[in-house]
Amino acid sequence: MSAVRTRLAALLLLCGGGCAVLFADEPPPDPDLSTQGTRRAGPFYLRPYVSIRDVGYDDNVFLESPQPIGDTTATVGPGLDSLLLFGDRGGFRLDQRYDYVAYGQYTELNHWNGDLRGRGVLLLKRLVLSLEDHATSIEERPNYEVDQRLRRDGNAVTAAFRTLRRGRLGAEGFLRHDGIDYSPLAGLPEASADRLDRNERTLSLTGTLRVRPKTTALLEGRVQRYDFVQDIEGRDSRSTAALVGLRFDPAASIQGELRVGTETLTAPERPDSDYHGPIGDGRLMTRLGHTGRGRLQFGREIVFSTLKENLYFVNTFWGVAYEQFFSRRWSGLAGYGRALDHYPQE
């Protein structure tokens with residue numbers, strides 16, 4: 001992630017200089033400017049932490065095994081979240097996290113993941129501008145087709161804007177470049193990883209309308225372009241999407257966001273692979289009693305395939321979970337989910 005450090009230094013220029021100011025009387029205009037949970041250290045606000053999550057039992061750690069093989073697993077790792085405020089003009093947020101993914105019996109699956117996110121925020125009179133660089137290095141199954149975990153190195157640079165709410169109408173949008181690179185493993189055909197290495201460019205514009213004090217309606221238009229690093233099979237493609245949805249305020253009885261719409265994917269060199277159909281996603285949460293929360297997530301999305309005959313498949317998923325808070329700093333979460341993949345070519 002050494003290349004990221006140069007970009008993160010450039011992000012600091014977005015904010016300029018100045019002295020720190022706390023948004024004590026009201027929530028900050030941007031969540032990345034919040035000092036909640038941090039401690040002051042000179043000009044910085046720091047929050048060191050240790051994350052323990054995904055502790056449970058996976059009943060199918062090897063998808064291609066004739067019989068399902070299960071194992072216990074857990075993810076733990078340290079992190080440091082830091083914030084540097086620049087008066088009332090914005091700030092710079094930097095969050096570095098390392099995760100160790102451990103398995104109880106099949107220790108050959110153990111691995112480290114890294115996550116580094118830096119974001120500069122500039123506050124104008126009625127506008128929030130930001131520039132973010134998010135670098136990740138993780139081992140994952142790319143899309144459930146591959147029975148090995150590949151090292152995925154990604155770097156997403158995002159320039160975004162959002163209007164500060166002065167009435168019922170608002171707007172937001174972003175321009176993002178995301179570089180995705182998979183490192184093949186021994187025993188896996190190299191072409192499988194080549195079919196996923198790509199650069200994604202996304203332009204998204206969203207109009208918002210506050211229909212209730214804690215509910216906002218969304219209308220989003222999105223254009224994406226996918227350029228594969230080794231396009232020997234005509235996989236370069238582009239897509240357009242239109243979605244409508246609702247966003248619920250964190251103080252509402254139901255929090256989160258849901259969106260539904262349609263997407264059109266076209267591959268000029270593979271016209272038989274074109275797609276037009278419904279997409280959407282939702283992540284909702286509600287309080288259950290004084291110390292519990294219920295969670296619901298669902299989605300339908302296009303995922304690029306490692307198979308030569310299929311450019312993509314359509315993934316439909318849903319999941320429910322319950323989170324129990326034991327204190328302000330500790331909680332436990334249990335969940336259940338399922339997913340279904342549909343291929344255009346059998």
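Residues numbered from 1 in each chain as written. Predicted model: local features only at pLDDT ≥ 70, side-chain atom pairs only at ≥ 80, totals over all residues. Heavy atoms only, no water.

### Examining the environment of Lys 308
In step 1: Note that Lys 308 resides in the loop between strand E14 (292-304) and strand E15 (312-325).
In step 2: Through-space distance from the C-alpha of Lys 308 to that of Glu 233 is 7.8 Å; in sequence the pair is 75 residues apart.
In step 3: Apart from residues no more than four positions distant in its own chain, Lys 308 is found in contact with Arg 195, Glu 233 and Arg 270. (Helix = DSSP H or I, 4+ residues; strand = E, 2+ residues; numbered from the N terminus. Contact = heavy atoms within 4.5 Å.)

### Regarding unusual backbone geometry
In step 1: Located in the positive-phi region is Asp 54, a residue other than glycine, with phi close to 50°.
In step 2: Mapping Asp 54 onto the fold places it in strand E2 (residues 44-58).

### So, the pattern of salt bridges
In step 1: The full count for this structure, using the stated rule, is 23 salt bridges.
In step 2: Between Arg 247 and Glu 172 there is a salt bridge, with its nearest N and O atoms 3.0 Å apart. Of the two residues, Arg 247 sits in strand E11 (residues 237-248) while Glu 172 sits in strand E8 (residues 169-183), which places them 75 residues apart along the sequence.
In step 3: By relative accessible area, Arg 247 is classed as partly exposed at 27%.
In step 4: The residue Arg 198 makes a salt bridge to Glu 200 at a minimum N-O spacing of 2.7 Å. Take Arg 198 and Glu 200: they sit in the same class, and that class is buried.
In step 5: Three or more residues joined by partner-sharing salt bridges are found here, namely Glu 172, Glu 220, Arg 222, Arg 247, Glu 257, Arg 259 and Asp 281. (Salt bridge = Lys/Arg side-chain N within 4 Å of Asp/Glu carboxyl O. Buried < 20%, exposed > 50% of the residue type's maximum accessible area, 1.4 Å probe, protein only.)

### Structural notes on the nonpolar core
In step 1: Leu 265, Tyr 275, Phe 304, Leu 311 and Tyr 312 are the most contacted members of the largest nonpolar core, which totals 14 residues.
In step 2: Among the nonpolar cores identified, the runner-up in size contains 8 residues, and Leu 83, Val 121, Val 128 and Leu 164 belong to it. (Core = buried A, V, L, I, M, F, W, Y, C linked by side-chain atoms within 4.5 Å.)

### Side note on the confidence of the model for the protein
In step 1: Residues with a pLDDT of 70 or more make up 87% of the protein, whose mean pLDDT is 86.
In step 2: In this model residues 1-24 is a low-confidence stretch, pLDDT under 50, and it forms 62 contacts with partners more than four residues away in sequence or in other chains. (pLDDT = per-residue confidence, 0-100.)

### Observations regarding the environment of Ser 51
In step 1: Along the chain, Ser 51 turns up in strand E2.
In step 2: Taking C-alpha positions, Ser 51 is 6.3 Å from Pro 78, a pair spaced 27 residues apart along the chain.

### Structural notes on the packing of aromatic side chains
In step 1: One pass over the structure, following the stated rule, counts 6 aromatic pairs.
In step 2: For the pair Tyr 100 and Trp 112, a centre-to-centre distance of 5.0 Å together with 55° between the ring planes defines the contact as tilted. Of this pair, Tyr 100 sits in strand E4 (residues 90-103) while Trp 112 sits in strand E5 (residues 111-123), placing them 12 residues apart in sequence.
In step 3: Take Tyr 100: its relative accessible area is 26%, and that puts it in the partly exposed class.
In step 4: The partly exposed category is assigned to Trp 112, whose relative accessible area is 48%.
In step 5: Considering the side-chain rings of Phe 228 and Phe 304, the 5.2 Å spacing of their centres and the 85° angle between planes classify their relative orientation as edge-to-face. Taken together, the residues span a long stretch of sequence, with Phe 228 in strand E10 (residues 215-228) and Phe 304 in strand E14 at a distance of 76 residues. Comparing Phe 228 with Phe 304, the two get one shared label, buried.
In step 6: Among the aromatic residues, those joined into a ring-pair cluster are Tyr 226, Phe 228 and Phe 304.
In step 7: The cationic tip of Arg 176 hangs over the ring face of Phe 174; the distance from NZ or CZ to the ring centre is 4.4 Å. (Phe/Tyr/Trp six-rings, centres within 6.5 Å; stacked < 30°, edge-to-face > 60°. Lys NZ or Arg CZ within 6 Å of the ring centre and 35° of its normal.)

### Quick look at the pairing of strand E12 (residues 254-266)
In step 1: Both E11 and E12 contribute to a ladder of 11 bridges, which runs antiparallel. When the bridges of E12 are listed, Ser 239 appears paired with Leu 265.
In step 2: Once E11 ends, the chain turns through 5 residues before running back antiparallel as E12.
In step 3: The pairing of E12 with strand E13 (residues 275-288) spans 12 bridges and is antiparallel. Within E13, the residue paired with Val 260 across the bridge is Gly 280. (Pairing = 2+ DSSP bridges.)

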